[in-house]
Amino acid sequence: KMFSDTAFVRDESQEDITTEHSVSHSQITRLYSRFTSLDKGENGTLSREDFQRIPELAINPLGDRIINAFFPEGEDQVNFRGFMRTLAHFRPIEDNEKSKDQNGPEPLNSRSNKLHFAFRLYDLDKDDKISRDELLQVLRMMVGVNISDEQLGSIADRTIQEADQDGDSAISFAEFVKVLEKVDVEQKMSIRFLH
Amino acid sequence: MEKEIALLHRADFEFSHIFYFCRKGFEAIVEDEVTQRFSSEELLSWNLLTRTNVNFHYISLRLTVVWVIGVIVRYCFLLPLRFTLAAIGITSMIVGTTVVGQLPNGSVKNYLSEVVHLTCSRILVRALSGTIHYHNKENRPQKGGICVANHTSPIDAIILTNDGCYAMVGQVHGGLMGVIQRATVKACPHVWFERSEIKDRHLVTKRLREHVADKSKLPILIFPEGTCINNTSVMMFKKGSFEIGGTIYPVAIKYDPQFGDAFWNSSKYNIVSYLLRIMTSWAIVCNVWYLPPMVRKEDEDAVKFANRVRSAIARQGGLTELPWDGGLKRAKVKDTFKEEQQKNYSKMLVRNGSVGSLSAETESD
C-alpha cells in the first residue's frame with residue numbers, strides 16, 4: 001500500500017482497544033494522532049514531561065495528580081494502550097449503554113468507575129481510605145498559598161465529619177459514593193473525544 | 001438541614017470540586033489550544049503533498065498515479081526552476097545593494113536602494129511561486145512608522161517587501177544570511193543587532209526610537225509574536241514594540257494552506273529543509289491586509305495597546321486570538337498562571353463575594 005496507516009492502527013491490538021473501551025475508529029485515530037504529537041521523543045511512549053508541555057495542564061492545580069493517574073505504579077512511561085485506558089474513564093455514558101447486558105465486565109466509564117478514579121486522586125497511599133492528611137494535601141494543591149493552615153484544617157475536618165459515617169475519621173469508598181450520590185458524576189467526569 | 005450548615009460555615013468545600021479540575025485537565029490532554037499552534041494546520045482535504053497525508057489513507061490507484069506525477073513535476077521541474085530564480089534573486093540583492101552602497105547618501109541612493117530591494121524581492125517571490133493579494137493598499141505603512149504583522153515564517157518579510165520598502169529589524173546571523181545583512185545595510189538603514197545587544201531591552205528600544213523619530217527613514221518591520229506560529233491564531237504580542245512610540249501600521253497575513261504549508265516548525269525542521277519544502281510545494285498563496293494606522297491612547301499602557309492591535313489583525317485575517325506566549329513553544333509556562341487559578345478557587349471557597357465559574361459547575365445542593 002502506498003499510503004499505509006500508522007503502524008499502530010494496522011496492529012490487531014487496535015481491535016482490542018476499540019471493543020475494550022467502546023471507542024469508535026475515528027476517535028482512536030484522532031487520539032493516536034494526539035498521542036504521537038505529544039510524544040516528542042518519538043519512542044511510542046509518553047513521559048511526565050510530555051504531559052507537562054501542555055500549558056493548560058501545567059497550570060492546572062491538580063495537574064501533577066492527573067498526570068500521575070496515567071502512570072502505573074513505579075513506571076515512568078505510558079504507551080498508547082495505557083493512555084487510552086486512563087482516558088476511557090472520561091468517555092461519556094451513552095444512553096444505549098445504560099441498558100447493556102450486565103454480564104460483561106463493567107466499562108471503565110461507568111459511574112462507579114468514574115467515582116473510583118476520583119477517589120484514587122485523593123487516596124495517595126491506596127489504602128482505600130481518604131485520611132485527613134490526604135484530603136489536606138489535595139486542598140492545599142487547589143488553594144495554593146491563599147488560605148491559612150488553620151482554616152484549611154477546619155475545612156478538612158468539617159468535610160470529613162459530614163461524610164464520615166462509621167466514625168473512623170476517614171472516608172471509605174462507600175462513604176465517598178454516598179456523599180456524591182446527588183451529584184451528576186456522569187456529566188461532570190466526561191469529556192468529548194471528538195469535536 | 002444541610003443548607004443551614006452550609007450557611008453557618010463560611011467555607012464549603014465539596015469532594016466533587018476536584019471534578020472540575022479533573023475534567024479541565026483531561027480536556028487539555030485530549031486537545032489544547034496552545035500546542036496545536038506549533039505544528040502545521042491540518043487540512044480538510046488532501047492537496048497531493050505527502051507531508052499533509054497524515055490523516056489520509058490509500059484511496060485508489062488513480063490517485064496514486066496523480067500523486068506520482070505531482071512529485072515528478074514538483075521535484076524535477078519546479079524545484080530546479082525555483083532554485084535558480086532564488087539564486088539569481090539573492091545574488092542580485094547582494095551585488096545590487098553593495099553597488100548602491102558605494103554612492104553618497106542622498107535621494108538618488110535612496111531611490112536606487114528601493115529599486116534594488118523591490119526588484120530582488122519580486123524575483124524571490126517568483127522563486128516561491130508566490131501569489132499575493134494585497135488589500136487596502138491605501139493603508140500601506142509610511143515612513144517613520146512601525147509595521148507589525150503576525151508571524152508564520154521567515155518568508156513573511158519577503159511577502160511584505162514585495163510591495164513596499166521597509167527597514168528590517170533583527171539579529172545578525174552568520175553564513176549567507178549574514179552576507180545579505182551586511183550588504184543590504186550599506187544601501188538602506190536596516191537595524192541589525194548583535195546577539196549581545198538584543199538582550200539589552202533598553203538599548204533595543206533606544207535604537208528603534210531613534211530610527212522612528214527620523215521621519216525620512218523607512219518604516220521598520222517587526223513581528224511582535226517573536227516566533228513562528230502556524231497561521232491559525234495570533235499569540236501574545238510582546239509589548240516592547242509598542243513602547244517605542246510612533247504610528248503603528250498593523251498588517252494581517254493569511255496563507256492559503258491548500259497550496260503549500262508556509263509555517264516553519266523550527267523545532268522539527270531546520271531552515272534548509274524548510275526552504276526545500278517550500279520550494280517543492282505547489283505555490284505560496286496568501287492574502288495581505290493593510291489595516292488603518294493605530295496610535296497608543298493617552299490612558300492605554302503598552303500591553304493594552306498591543307492587545308488592541310492584535311485583535312485588529314486577528315479579526316481581519318480570520319485568525320483566533322490566544323493570550324498565550326509564543327515562547328511556550330520552547331519554554332515552560334510560568335507558575336503565576338497556576339497561582340492565579342489557585343487564587344480564584346480560594347476566593348470561591350471562602351465566598352469573598354466573587355462568584356467564580358466554579359460555583360456554577362459544582363452546584364450540588
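Calculation rules
- Residues numbered from 1 in each chain as written.
- Chains lettered and ligands numbered in written order.
- Predicted model: local features only at pLDDT ≥ 70, side-chain atom pairs only at ≥ 80, totals over all residues.
- Heavy atoms only, no water.
- UniProt positions renumbered as here; feature names shortened; annotations may be inferred.
- Helix = DSSP H or I, 4+ residues; strand = E, 2+ residues; numbered from the N terminus.
- Contact = heavy atoms within 4.5 Å.
- Salt bridge = Lys/Arg side-chain N within 4 Å of Asp/Glu carboxyl O.
- Buried < 20%, exposed > 50% of the residue type's maximum accessible area, 1.4 Å probe, protein only.
- Buried area = accessible area lost by both parts, 1.4 Å probe.
- Polar contact = N/O pair within 3.5 Å; in protein donor to acceptor, adjacent residues only side chain to side chain.
- Nonpolar A, V, L, I, M, F, W, Y, C, P; charged D, E, K, R; others polar.
- Pairing = 2+ DSSP bridges.
- Axes fitted to C-alpha atoms, helices over the stretch in contact; angles between N-to-C directions.
- Right-handed = clockwise from strand over helix to strand, strands pointing away.
- Core = buried A, V, L, I, M, F, W, Y, C linked by side-chain atoms within 4.5 Å.
- Parallel < 35°, antiparallel > 145°, perpendicular 65-115°, else oblique.

Chain B goes by Glycerol-3-phosphate acyltransferase 3 in an unreviewed UniProt entry, where it is assigned to Cyanistes caeruleus. Recorded in UniProt under Sequence similarities (unreviewed entry), the annotation for chain B is "Belongs to the 1-acyl-sn-glycerol-3-phosphate acyltransferase family." Its UniProt record gives chain B the following Subcellular location (unreviewed entry) comment, quoted word for word: "Endoplasmic reticulum membrane".

The name given to chain A in an unreviewed UniProt entry is Calcineurin like EF-hand protein 1, with the source organism recorded as Cyanistes caeruleus. In its Sequence similarities (unreviewed entry) section, UniProt records this for chain A: "Belongs to the calcineurin regulatory subunit family. CHP subfamily."

Caption draft 1: Just the environment of Leu85(B), in detail. Residues and elements named next belong to chain B. Assignment of secondary structure puts Leu-85 in helix H3 (residues 61-101). Each C-alpha atom of the pair Leu-85 and Phe-38 lies 30 Å from the other, and the pair is 47 residues apart in sequence. In this structure Leu-85 touches Ile-123, Arg-126 and Ala-127, once residues within four positions along its chain are discounted.

Caption draft 2: Inspection of the pattern of salt bridges at higher detail. All names here are of chain B. One pass over the structure, following the stated rule, counts 21 salt bridges over all chains. Here Arg-23 ties to Glu-27 by a salt bridge, and the two come within 3.8 Å at their closest N and O atoms. Of this pair, Arg-23 and Glu-27 are both found in helix H2 (residues 17-30), four residues apart, which corresponds to roughly one turn of the helix. Relative accessible area serves as the criterion here: at 32%, Glu-27 is assigned to the partly exposed category. Connected via shared salt-bridge partners are Lys-137, Arg-140 and Asp-163.

Caption draft 3: Inspection of the interface of chain A and chain B at higher detail. Tallying the contact residues gives 62 residues for chain A and 53 residues for chain B. Note on chain A versus chain B: buried area summed over both sides is about 5,100 Å², and carbon and sulfur give 72% of it. Between chain A and chain B we count one salt bridge in total. Here chain A and chain B share 11 residue pairs in polar contact (both at pLDDT 80 or more) between them. For the side of chain A that touches chain B, the residue count by class is 41 nonpolar, 10 polar and 11 charged.

Caption draft 4: View of the UniProt feature "domain: EF-hand" (unreviewed entry) in chain A. All names here are of chain A. When the UniProt feature table is mapped to this numbering, "domain: EF-hand" (unreviewed entry) covers residues 26-61, 110-145 and 151-186. Split by type, residues 26-61 is 61% helix and 0% strand. Its first and last C-alpha atoms lie 31 Å apart. Within the segment residues 151-186, helix and strand shares are 61% and 6% respectively, and the terminal C-alpha atoms sit 31 Å apart.

Caption draft 5: How the structure looks around the sheet that holds strand S3 (residues 167-171) of chain B. Residues and elements named next belong to chain B. The strand order across the open sheet formed by seven strands is S1-S8-S7-S2-S5-S3-S4, and the pairing between neighbours is mixed. Where the open sheet ends on each side, the last strands, each with one partner, are strand S1 (130-135) and strand S4 (191-193). Averaged over all pairs of adjacent strands, the angle between their axes in this sheet comes to 25°, without regard to strand direction. Pairing analysis gives six bridges linking S1 to strand S8 (residues 284-290), with the strands arranged parallel. Paired with His-135 across the two strands is Trp-289, which belongs to S8.

Caption draft 6: Here's a closer look at the pairing of S3(B). All names here are of chain B. Counted residue by residue, S3 has four buried out of five residues, so it is predominantly covered. Summarising the sheet, S3 and strand S5 (residues 220-222) pair through two bridges and their orientation is parallel. Its bridge partner lying in S5, Ala-167 is registered against Ile-220. In terms of handedness, the path from S3 via helix H6 (residues 175-187) over to S4 forms a crossover that is right-handed.

Caption draft 7: View of the UniProt feature "domain: Phospholipid/glycerol acyltransferase" (unreviewed entry) in chain B. Under the present numbering, the feature "domain: Phospholipid/glycerol acyltransferase" (unreviewed entry) in UniProt falls on residues 145-256 of chain B. Structurally, residues 145-256 of chain B comprises 34% helix and 22% strand, and the distance from its first C-alpha atom to its last is 28 Å.

Caption draft 8: Molecular detail of the nonpolar core. Phe51(A) and Phe176(A) are the most contacted members of the largest nonpolar core, which has 62 residues in total. Where this core is concerned, the elements lending two or more residues are helix H3 (25-38), helix H6 (63-68), helix H7 (80-87), helix H9 (111-122), helix H10 (132-143) and helix H11 (149-163) of chain A together with H2 and helix H11 (335-349) of chain B. No other element matches H2(B), which puts nine residues into this core. Those residues in contact with Phe51(A), other than ones at most four positions away along the chain, are Leu46(A), Leu57(A), Ile67(A), Phe70(A), Phe71(A), Val78(A), Phe83(A) and Ile29(B). Counting residues in each nonpolar core, the second largest holds 33 residues, with Tyr166(B), Met168(B), Cys228(B) and Val288(B) among its members.

Caption draft 9: Region of the structure containing the environment of Phe173(A). Residue and element names in this part refer to chain A. With respect to the helices and strands, Phe-173 occurs in helix H12 (residues 173-179). The spacing of Phe-173 and Arg-120 is 53 residues in sequence and 9.5 Å in space, taken between C-alpha atoms. In this structure Phe-173 touches Ser-112, Leu-115, His-116, Phe-119 and Asp-128, once residues within four positions along its chain are discounted.

Caption draft 10: Layout of unusual backbone geometry. Within the chain, Ser169(A) stands out as a residue other than glycine whose phi angle is a positive 55°. Structurally, Ser169(A) can be placed in the loop between H11 and strand S2 (171-172). Unusually for a residue other than glycine, Ser129(B) sits at a positive phi of about 50°. Positionally, Ser129(B) belongs in the loop between helix H4 (107-127) and S1.

Caption draft 11: Geometry of the environment of Asn162(B). Residues and elements named next belong to chain B. Structurally, Asn-162 is set in the loop between helix H5 (155-161) and S3. Residue classification places Asn-162 among the buried residues on the basis of a relative accessible area of 11%. Between the C-alpha atom of Asn-162 and that of Thr-98, which follows or precedes it by 64 residues, the distance is 20 Å. The contacts of Asn-162, once residues within four sequence positions are left out, are Leu-118, Ser-121, Arg-122, Val-125, Ile-132 and Tyr-134.

Caption draft 12: Focus on the packing of H3(B) against helix H9 (residues 271-279) of chain B. Residues and elements named next belong to chain B. Relative to each other, H3 and H9 sit at 120°, their axes nearing to 9 Å. The orientation of H3 with respect to H9, classified from their angle, is oblique. Of the residues in H9, those in contact with Leu-79, Arg-82, Phe-83 and Ala-86 of H3 are Leu-276, Ile-278 and Met-279. Here the residues of the contact of H3 with H9 sort into six nonpolar, no polar and one charged.

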